[in-house]
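Survey of secondary and tertiary structure
The residues making up each chain are set out below.
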Amino acid sequence: MQIANQLPVGMGQPSSFNAIVIPAPQPFSLKAKFDSIYQWTWDSIAMHWTIYGKQINFVYDASQNMLSDISQTWNGTAWVNLNQNNYTYNAGNKETGLLTKTWNGSVWANSGVNSGQWIFTYDANNNNTGQLGQGWNGTAYVNSYQYIWTFDANNNEIGSLNQTWNGTAWVNAGQDTYTYNVNNKRTNDLSQTWNGTAWVNSSQTSYSYDVNNNEIGTLSQSWNGSSWVNSTQYTYTYDANN
């Protein structure tokens, strides 16, 4: 669930607000401080790289946490503002919020493509336990979706719950349940969807290990309504040094 990422959180967000899952960044002993980031795409017809976006105006605090940046897109002749990202952090330098605004042609607005507000929560062990996504309804930010993550006493993630807001209450959408062996190695990942009244199996992945805790196998299966059906399998081997 958590991905250590040195790139800005707002970079490369999908256009659908509800689909955005933003991993809260982890602390680094060394942090990269960007001046600018340029984005290019390969033109397979002209056979050359074509620029399409950039991020500029990075601002950092004294702890080198990124406080803000601006995304721009190239319209063929000039750079045009796209999004403005603003980040907040707690005393432990964990990101607690992301506010993204869209350029409406004259000012930064709360509504538009990729705009929204995200709030991150943590437990006493600094595990990211929640992500709340909100969109702008014209006058205020309103709930859109949330992810809730749970952990065991060894800080292993054991559950991931995805819910959407129906206007008055949270509605289950999907969940993942993780199990581990005595060495804190993940042995199973069970994915389920909510059918309105109960959780229904969707898929699962099982992991196996050798006596040295090296992963030696991965088996993915899908649920056909009554039993598990094999899908893909990977096996791994190691030399004498592992």
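Every value quoted in this text rests on a predicted model; they were computed, and no experiment measured them.

1. Section: the packing of aromatic side chains
Applying the stated criterion across every chain yields a total of 11 aromatic pairs. Here the aromatic rings of Tyr-145 and Tyr-147 are separated by 5.6 Å at their centres, their planes lie at 75°, and the arrangement is edge-to-face. Across this residue pair, the class does not change: Tyr-145 and Tyr-147 are buried. Relative to Trp-149, the ring of Tyr-147 lies with its centre 5.9 Å away and its plane at 10°, an arrangement referred to as stacked. Assigned by exposure class, Tyr-147 and Trp-149 land together as buried. Among the aromatic side chains, those forming a connected cluster through ring pairs are Tyr-38, Trp-74 and Trp-79. The ring of Tyr-178 carries Arg-186 above its face, with NZ or CZ at 3.8 Å from the centroid.

2. Some points on the environment of Asn-137
Secondary-structure assignment places Asn-137 in the loop between strand E8 (128-136) and strand E9 (141-151). At a separation of 2.8 Å, a polar atom in the side chain of Asn-137 contacts the main-chain amide nitrogen of Ala-140.

About the cut-offs
- Residues numbered from 1 in each chain as written.
- Predicted model: local features only at pLDDT ≥ 70, side-chain atom pairs only at ≥ 80, totals over all residues.
- Heavy atoms only, no water.
- Phe/Tyr/Trp six-rings, centres within 6.5 Å; stacked < 30°, edge-to-face > 60°.
- Buried < 20%, exposed > 50% of the residue type's maximum accessible area, 1.4 Å probe, protein only.
- Lys NZ or Arg CZ within 6 Å of the ring centre and 35° of its normal.
- Helix = DSSP H or I, 4+ residues; strand = E, 2+ residues; numbered from the N terminus.
- Polar contact = N/O pair within 3.5 Å; in protein donor to acceptor, adjacent residues only side chain to side chain.

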